[in-house]
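# Structural overview for review
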Amino acid sequence: MRPFPSHATAFAARIGAKHPIVLAPMLAHTTPRLCAAAANAGVVAFEGAGQLGKDVLVSRIRETQAMVNAGAVFGVNLFVPSGFYTDPSSWTEPQAAAVEVARERYEGYLRELSGEAAGTAAPSLSREEHQAVFSGQVDALLETGVKLVSFHFGWPDAAEAGRLREAGATLQGCATTVEEARWLVDQGADAIIAQGAEAGGHRGTFIDAQDYRRALVEVVPLVRGIADAVDVPVIAAGGIMRGGDIRAVLEAGASAAQLGTAFLSCPECGTSAMHREALLGYGGEGRDASDPLPTVVTLGYTGKPARGLQTDRALRMADLEGALPNCFNGMLAGRTLQAAALKQGRKDAAYLWAGSGYARSRAIPAAALVETLVAEAQSSQCTRVSNISQ
């Protein structure tokens, strides 16, 4: 057996976890049951708050806390409003035109699916309203005593970060480049989540976000670059599916490995049956592990760049990729279409988040997955499998 590197063991001990492994926050997928199972198995477990209101978030946190053993580590991830909303008045004419084309296409797609118009999409909140939701989420964390918080899409304003800091919370930020990591540390981040290009779900890029493809850096070189540039712990994320992947990022300088896609097939996860079937079936009928359906990073699903399976929905929007503004409010019908696709069981019309290594998914309980990952990572035979090409 090869023990974990000493810096990783020290980080896990300092944060209160048994293993230097983190369950990634995955909104609509990471359930309280999954968080509790992972935390009780000795890893750090994160719940994703997304744009949940205060009362709903308090309820979810309380539900998780009721199932988490004493000493287990549980945190919450928040979306920073300034990183996902842009004022439509700031859009260029080509961007505004692309938003209108996307809306029309999604309306047609929705009618094709269910005969309903996409006009049922909820109207966009204003910047101030989004900030009010965020402040309510901070209130929820303070009310429930959450002491571990991570941020996606940048860093909150000093007042909100200060409220959490005064309550004794440890604060982490997500970086997709060395430049972002340095900036986050300057804001006071206690640790950096290095999100490699392989990661499924939404990209955290916030500096020059419109040109997000320049920040698609594979996780191992990203970890090395960030670890050399900052003096806080680095948590690696992206394409980490097996113990060999964990070993590789720890030896590259990461203090912990964050996994999301690897947990999507666990029975405790809130993954839809259609999504689960796609992950375990390599993306579609007739495919195998040597030829899985590719994943793609695109704004065409939600308006923010995210990696998921390359469904027909992504292909239909591909020509708008370079024109759309990088924000959720540029793709308001996205969630309406997603709900219709799930209801109809239309995988081709859905967004199905997946990291590039999804073909190595395992449908086993979270505790068993943690045990397996640890055993693999500590095996002298473990090796990393490159999967960014998928």
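In case you missed it, the structure is sitting above this.
Residues numbered from 1 in each chain as written. Predicted model: local features only at pLDDT ≥ 70, side-chain atom pairs only at ≥ 80, totals over all residues. Heavy atoms only, no water.

## Quick word on the sheet that holds strand 7 (residues 201-202)
Strand order across the open sheet formed by three strands is 7-11-10, with antiparallel pairing between neighbours. Unpaired on one side and paired on the other, strand 7 and strand 10 (295-298) mark the two borders of the sheet. Of the pairings in the sheet, the one linking strand 10 to strand 11 (residues 306-309) comprises four bridges and is antiparallel in character. By the bridge assignment for strand 11, V296 is matched with G308. (Pairing = 2+ DSSP bridges. Helix = DSSP H or I, 4+ residues; strand = E, 2+ residues; numbered from the N terminus.)

## Concerning unusual backbone geometry
Excluding glycine, residues mostly carry a negative phi; peptide bonds, for their part, are mostly trans. One non-glycine residue, F153, lies in positive phi territory at about 75°. Checked against the element boundaries, F153 lands in the loop between strand 4 (148-152) and helix 6 (158-166). The class of F153 is buried, set by a relative accessible area of 1%. Non-glycine residue D208 carries a positive phi angle of around 50°. By the secondary structure assignment, D208 is in the loop between strand 7 and helix 8 (219-229). (Buried < 20%, exposed > 50% of the residue type's maximum accessible area, 1.4 Å probe, protein only.)

## With respect to empty space enclosed by the protein
A complete count under the given rule lists one cavity of 30 Å³ or more for this structure. Estimated volume of the largest cavity: approximately 40 Å³. Looking at the largest cavity, the residues that line it are G50, Q51, F79, P81, F84, H130, V133, F134 and Q137. In terms of residue count, helix 5 (residues 127-144) provides more of the lining of the largest cavity than any other element does, four residues in total. (1 Å grid on protein atoms, 1.4 Å probe; cavity = no way out; pocket = protein on both sides within 12 Å on 5 of 7 lines; lining within 4 Å. Points joined across faces, edges and corners; volume = space filled by probe spheres on them.)

## Some points on the environment of H19
Note that H19 resides in the loop between helix 1 (6-15) and strand 1 (21-23). Look at H19 and you get buried, because its relative accessible area is 12%.

## Quick notes on the side chain of T30
Checked against the element boundaries, T30 lands in the loop between strand 1 and helix 2 (32-40). With a relative accessible area of 1%, T30 lands in the buried category. Looking at T30, its side chain comes within polar contact range of the main-chain oxygen of A24, at 3.5 Å. If we skip the residues at most four places from it in the chain, T30 touches L23, A24, P25, C35, F46, E47 and R60. (Polar contact = N/O pair within 3.5 Å; in protein donor to acceptor, adjacent residues only side chain to side chain. Contact = heavy atoms within 4.5 Å.)

## Examining the side chain of H275
You can see H275 is positioned in helix 10 (residues 273-280). Engagement of the side chain of H275 in a polar contact is seen with the side chain of H29, the distance being 3.5 Å. Residues within four places of H275 in sequence aside, it is in contact with H29, L264, L352 and W353.

## Focus on the pattern of salt bridges
Summed over all chains, the structure comprises 17 salt bridges. With a closest N to O distance of 3.3 Å, E112 and R316 form a salt bridge. With E112 in helix 4 (residues 93-114) and R316 in helix 11 (residues 312-317), this pair connects stretches of sequence that are 204 residues apart. Between R316 and D312 there is a salt bridge; the shortest N-O distance is 2.8 Å. One end of the pair, R316, and the other, D312, are both in helix 11, four residues apart, so they sit about a helical turn from each other. The class of R316 is partly exposed, set by a relative accessible area of 35%. Overlapping salt bridges, with partners in common, bring together E112, D312, R316, R346 and D348 in one network. (Salt bridge = Lys/Arg side-chain N within 4 Å of Asp/Glu carboxyl O.)

## Section: the packing of aromatic side chains
Tallying each qualifying case throughout the model produces 12 aromatic pairs. Aromatic side chains F153 and F328 sit 5.9 Å apart centroid to centroid with 80° between the ring planes, which places their arrangement in the edge-to-face category. Taken as a pair, F153 in the loop between strand 4 and helix 6 and F328 in the loop between helix 11 and helix 12 (334-344) lie far apart in primary sequence, 175 residues in all. Among the residues examined, F328 registers a relative accessible area of 11% and is labelled buried. By way of ring pairs, the aromatic residues F79, F84, F153 and F328 are connected into one cluster. (Phe/Tyr/Trp six-rings, centres within 6.5 Å; stacked < 30°, edge-to-face > 60°.)

## Quick notes on the nonpolar core
Ranked by size, the top nonpolar core spans 100 residues in total, and within it I246 and F263 carry the most contacts. Discounting residues that sit within four places of it in the chain, I246 has contacts with F4, I21, I240, A257, L259, L373 and A377. Within the second largest apolar cluster, 13 residues are counted, among which are A17, V44, I193 and I235. (Core = buried A, V, L, I, M, F, W, Y, C linked by side-chain atoms within 4.5 Å.)

## As for the sheet that holds strand 9 (residues 256-259)
Here we have eight strands rolled up into a closed barrel, ordered 1-2-3-4-5-6-8-9, and parallel in their pairing. For this sheet, the mean inter-axis angle between neighbouring strands, taken without regard to orientation, is 25°. In the sheet, strand 8 (residues 234-237) pairs with strand 9 via three bridges, with the strands oriented parallel. Paired with I235 across the bridge in strand 9 is A256. (Axes fitted to C-alpha atoms, helices over the stretch in contact; angles between N-to-C directions.)

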